[in-house]
Every structure is written in C-alpha cells, then in structure tokens.
Amino acid sequence: MRLRPQVAGPLVSILALSIGLALLEASGLAFWQGLAINLAIFTILVVSLNLASGFTGVFSLGHIGFMALGAYISAILTQPLAVKAEYLPDLPDWLAGVHLDQMLGPFPVGWLAATLIAGLLVALIALLVGAVLMRLSGHFVAVATLGFLVIVRVILFNADGFTRGSRTFSNVTPYTNLWWAWGTAILVIYAVWRLKRSPYGRSMFAQRRDRWAAQAVGISILPPRLLAFVVSAFFTAVAGSLYAHFITSFSPTVFYFDLTFRVITMLVVGGMGSVSGSVIGAALVLILAEGLRRVEDVTLLYGLSGMLLAIFFIVIIIFRPAGIMGQREISFERVAARIGAPRGRSPTGDPGGGAGAGR
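Residues numbered from 1 in each chain as written. Predicted model: local features only at pLDDT ≥ 70, side-chain atom pairs only at ≥ 80, totals over all residues. Heavy atoms only, no water.

**Student:** Lay out the layout of surface pockets in plain terms, naming residues and giving numbers.
**Tutor:** Empty space within the second largest pocket amounts to approximately 530 Å³. Residue lining of the second largest pocket: 21 residues in total, with Asn38, Phe42, Arg262, Leu286 and Glu290 positioned closest to the centre. Listing elements by their share of the lining of the second largest pocket, those giving two or more residues are helix 2 (30-54), helix 12 (222-247), helix 13 (257-270), helix 14 (275-299) and helix 15 (304-319). Tallying contributions element by element places helix 2 first for the lining of the second largest pocket, with seven residues. For the lining of the second largest pocket, a count of residues per class yields 14 nonpolar, three polar and four charged. (1 Å grid on protein atoms, 1.4 Å probe; cavity = no way out; pocket = protein on both sides within 12 Å on 5 of 7 lines; lining within 4 Å. Points joined across faces, edges and corners; volume = space filled by probe spheres on them. Helix = DSSP H or I, 4+ residues; strand = E, 2+ residues; numbered from the N terminus. Nonpolar A, V, L, I, M, F, W, Y, C, P; charged D, E, K, R; others polar.)

**Student:** With reference to specific residues and values, describe the confidence of the model for the protein.
**Tutor:** Of the residues in the protein, 90% reach a pLDDT of 70 or more, and the chain-wide mean stands at 85. Considering only residues more than four positions removed or in separate chains, one finds that residues 346-359, a stretch of pLDDT under 50, has twelve contacts. (pLDDT = per-residue confidence, 0-100. Contact = heavy atoms within 4.5 Å.)

**Student:** Could you give an account of empty space enclosed by the protein, with specific residues and numbers?
**Tutor:** Inspection of the entire model under this criterion finds two cavities of 30 Å³ or more. Each pocket or cavity is described by its volume, and for the largest cavity that value is around 70 Å³. Around the largest cavity sit Leu45, Leu49, Ser60, Leu61, Gly62, His63, Ile64, Thr260, Val263 and Ile264, which together line it. Secondary structure elements with two or more residues in the lining of the largest cavity: helix 2, helix 3 (63-78) and helix 13. Of the residues forming the lining of the largest cavity, the biggest block, three residues, is contributed by helix 13.

**Student:** Describe the nonpolar core, with residues and values.
**Tutor:** Formed by 87 residues in total, the largest nonpolar core has its most connected members in Phe169, Val192, Phe250, Phe255 and Val263. If one sorts the elements of this core by residue count, helix 2 sits on top with 13 residues. In this structure Val192 touches Val47, Leu51, Phe55, Phe235 and Val275, once residues within four positions along its chain are discounted. (Core = buried A, V, L, I, M, F, W, Y, C linked by side-chain atoms within 4.5 Å. Buried < 20%, exposed > 50% of the residue type's maximum accessible area, 1.4 Å probe, protein only.)

**Student:** Go over the packing of aromatic side chains with me, naming the residues and quoting the values.
**Tutor:** In total, this model carries 17 aromatic pairs according to the counting rule given. When the ring of Tyr72 is compared with that of Phe169, the centres are 5.5 Å apart and the planes differ by 85°; the resulting orientation is edge-to-face. Taken together, the residues span a long stretch of sequence, with Tyr72 in helix 3 and Phe169 in the loop between helix 8 (160-163) and helix 9 (178-196) at a distance of 97 residues. Here Tyr72 falls in the buried class, since its relative accessible area comes to 3%. Each member of the aromatic cluster is reached from another via a ring pair, and the members are Tyr72, Phe169, Tyr243, Phe250 and Phe255. (Phe/Tyr/Trp six-rings, centres within 6.5 Å; stacked < 30°, edge-to-face > 60°.)

**Student:** I'd like a description of the pattern of salt bridges, backed by residues and values.
**Tutor:** In total, this model carries three salt bridges according to the counting rule given. In this structure, Lys196 and Glu329 form a salt bridge, with 2.7 Å as the shortest nitrogen-oxygen distance. On the criterion of sequence distance, the pair formed by Lys196 in helix 9 and Glu329 in the loop between helix 15 and helix 16 (332-340) is long-range, its members being 133 residues apart. The pair formed by Lys196 and Glu329 is uniform in burial state, with each residue classed as buried. As a salt-bridge pair, Arg294 and Glu290 come within 3.5 Å of each other at their nearest N and O atoms. With Arg294 and Glu290 both in helix 14, this residue pair falls four residues apart, about one helical turn. (Salt bridge = Lys/Arg side-chain N within 4 Å of Asp/Glu carboxyl O.)

Below, the structure is given as structure tokens:
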C-alpha cells in the first residue's frame, strides 16, 4: 500500500535525518556533531518561541529566562552526590540528597526524569506569570516579558547556594548527544505543528489577526494565549536541559540579550507563524553565523559576525517582513505532486502548467 504524501513526506525526512545523524556519528567529527546538536537546540527554542509569539501575536522577550531555569534545575537534579556536596555545599537538605543520575542500560532515565521535572516546574512558573502578562498586548507585553528575563537573571546571580552566582556552574554530566537532541526536536516540531492545526491553534491565529472580531464570535483571548505561553515555556525549559547537559559548564551571562537576539532573528527570518519557517530560520542563521565566525578568525575583525547578522536581520525586516515562509508550511503533497508530474504537465494534469500558463 502506498502511503499518503502527508505521511510519506515526514517519514522520508525522518529517515534521511536518521541516516545523516548515523553517518555524522560514525565520522567522529566532533565539531560538526556539536554544530548539529546546537542546531537541534536552536530549533526547539525557535519553534517554542514561535508558538508563544508567532501563533498569538504576543511578542515575548523573556523566553530565554525559561531556558535558564530549565538548565539550572535539570543540572542540579542530575549532579552526583559527591559532586553536589563539593560544588553546592549550601543546598538545602531536601535537595542535596537528590541525584537523578541513574542509567537503565544505555538510557539516562534519571536525566530524562530531571528534564521532565524541570519542564513542569517552569511550565508552572509560566502559568503564574502568564496569567497576568497574557492580558497585555503590543509593546506592553514585550516590556513585561523582558522584565521577567531581568528578574530571572538577578535571581540566578544572587542565589549562590543553588546556582554558584556569577561563577561557572560546571561538572554537569554530558547526557545530550545527536540522537537525544534531534529526537526531542522532532517531537517538539510535531507537537507544535499538531497544535497549530487544532481548534486551539485556530483560536490563537484568530485572536492574533483581529482580537475584537475573535471575541465577537465567542473566542476568548486569554486561554489560547496562556496555553501557548505555558506549552512554549515547557519546551524551552527542555531545550535548556539539553543545552546544560551538552555544554556542561555555563553561567547566567549566557542566558541574556545575545541569545535572545539570536533566537528572535531566527524566528523573524523563518517566518512568525510557520513551524517549517522556524526550522529553516534556525538552520540559515546558525550556518551564516558560523561562516561569519570563520571569516572573523581569518580577518581578525572580531565583532564582524554580530554586525553583519544585525544588518541581515534589518534587511529581512525591510524587504521580507513576513519572513521566508510567512505563515505557510512546507506541503509534502505539493512536493510529491511536482516530483510525480510528467515534464510539461502540471500536477493538476493541465499541459503547459495549467490555466494562465504562458501569460
């Protein structure tokens, strides 16, 4: 039996990705493996921010705060007892004895549990914060979410007993690899894609386009916004856990404006409201940034990559404000139809490309 294009397309894509990851892992090229893991983490971040901002029109500048909380919570929970006693001697007793570093064969079940706990705790925080902030709109909510990011940063710097303050939080077990990173990314992409096509997703886009018209037909404003904000925070915290257990050493300075700007650039370039665009934007900006960093190393013009990325961002906003994909998604049905159509004949069967061809 032939699979439908909307099923066969994603399956072929996942199969191709799996083969590529297997070849990359077998090659032993640490740099490219690290770049692929970074791409997976950024993909989760951009897709999550797209859910909160692109789907609802409520522009959030504080999502990296959720990533920071997810990174620190999961890192604290997974540290072995001996390491925790040395690096975090001031932890309260109820937390000092927790060590989710158990393995079940090759599966890090302790880390998976810690990631889930971190995501749920961050989702609860997002629920409390979003219940207030999601009532705002426009620049008010952007400033308010930026305030949340600043608050998280201040807490991380001052909670020495939990985060070591401004010092580097190190000795985190490196659980994240190619398979966990991209497996999580695929799950997040699928979940957000399904949510976009659900009644909740239609409510999000309806109130984004015209909140007064949406209210007139009985669509509430707060519930879809809050749902998007909470689910997005959960996925962002999961990305934080992946990041913490990949980089293994980090500090609060990582989770601030530079990372926020990078993720927003990826979102705008790909297209706010498009899950496919989030993946494309993340890949394009990450590859461009890495290429510019190589140019920096050769020319010794340090800071050039940041300036050129900012210029690229401005150009996209001016000439393509909706991004590469806008709100559209990659249609596997159209791709399959174009591939299967005979030369000189359109996918609809009209010779010469259908009505209007040649005009």
